[in-house]
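Architecture at a glance
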Amino acid sequence: KVENFFSGCINFFGVRMDNVKIFIKDAMCNDAINFINSSGTINSLIVDGAKTDAIDFDFSNFEIEYVNVSNVLNDCIDMSYGNYSIKNQFLDGCGDKAISVGESSVFNANKIQIKDSLIGIATKDSSVSKIEGIEISNSNLCAAAYRKKQEFYGSLILINKFKCTENKIYFQKGSKIEIINEL
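All of the points below concern the structure found in this document. (Residues numbered from 1 in each chain as written. Predicted model: local features only at pLDDT ≥ 70, side-chain atom pairs only at ≥ 80, totals over all residues. Heavy atoms only, no water.)

Moving on: the side chain of D56. Positionally, D56 belongs in strand β5 (residues 53-58). No salt bridge forms around the buried D56; measuring N to O, its nearest opposite-charge neighbour K124 is 9.5 Å away. When near neighbours in sequence (up to four residues on either side) are disregarded, D56 contacts D31, I33, N34, F35 and D78. (Helix = DSSP H or I, 4+ residues; strand = E, 2+ residues; numbered from the N terminus. Buried < 20%, exposed > 50% of the residue type's maximum accessible area, 1.4 Å probe, protein only. Lys, Arg positive; Asp, Glu negative; His and termini not counted. Salt bridge = Lys/Arg side-chain N within 4 Å of Asp/Glu carboxyl O. Contact = heavy atoms within 4.5 Å.)

Next up on the list: the state of the cysteines. Applying the stated criterion across every chain, the model contains three disulfides. The partner cysteine of C142 in its disulfide is C164, sulfur to sulfur 1.9 Å. An S-S torsion of about -80° defines the bridge between C142 and C164 as left-handed. Of this pair, C142 sits in strand β12 (residues 134-146) while C164 sits in strand β14 (residues 162-164), and the two are 22 residues apart along the sequence. On the accessibility criterion, C164 (9% relative accessible area) is buried. (Disulfide = S-S within 2.5 Å.)

So, about the environment of N160. Assignment of secondary structure puts N160 in the loop between β13 (156-159) and β14. Residue classification places N160 among the buried residues on the basis of a relative accessible area of 14%. Considering only alpha carbons, one finds N160 and N74, 86 residues apart in sequence, at a separation of 27 Å. Apart from the residues lying within four places of it in its own chain, the contact partners of N160 are I131, E132, G133, I134, I180 and N181.

Turning our eyes to something else, we now look at the pattern of salt bridges. Under the counting rule described, the total for this entry stands at seven salt bridges. Salt-bridge contacts for K25 lead to D48; the nearest nitrogen and oxygen are separated by 3.1 Å. Here K25 is found in strand β2 (residues 16-27), whereas its partner D48 is found in strand β4 (residues 39-50), with 23 residues between them in sequence. Under the relative-accessibility criterion, D48 is labelled partly exposed at 23%. Across the salt bridge formed by D96 and K97, the nearest N and O atoms sit 3.0 Å from each other.

That's the geometry; what it means functionally is another story.
Right, dumping it as structure tokens:
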């Protein structure tokens, strides 16, 4: 018997997307939306309410214009094993990490606003995050760079135009957070 191991309410496996718009409300699955081995462009990705994670990207490559996520019990955006570029993001009410980048991923962002999340951005396990502008308010930890799994190395976060009301960052030996301009 073959089992379906997809964890999302909406799953995209091996899909090429072109200028897609997605909206989901009050998702009750492990991931509201799960992209696996997929690629392309997304115009807007909106999740309002999720039982655990909102958006999960695995083994994918995407360019995304706009993401808006709110009222999530766990991570708002979780990226693994891929390349991800998101121009504009508004993330509000993420129970754990607003943005989680891991497992050899590369993440590029232009403008990020994060409110009311446990951790603003966490980059781990041989991943790199390059952010042009980020504003974080009411988070216990603004940014974290570290190695979580032994089969990986540390990670790197490069931020230009950084503003965080709590002004707390964490980086583990072998990882680095570089802030070019603090606002």
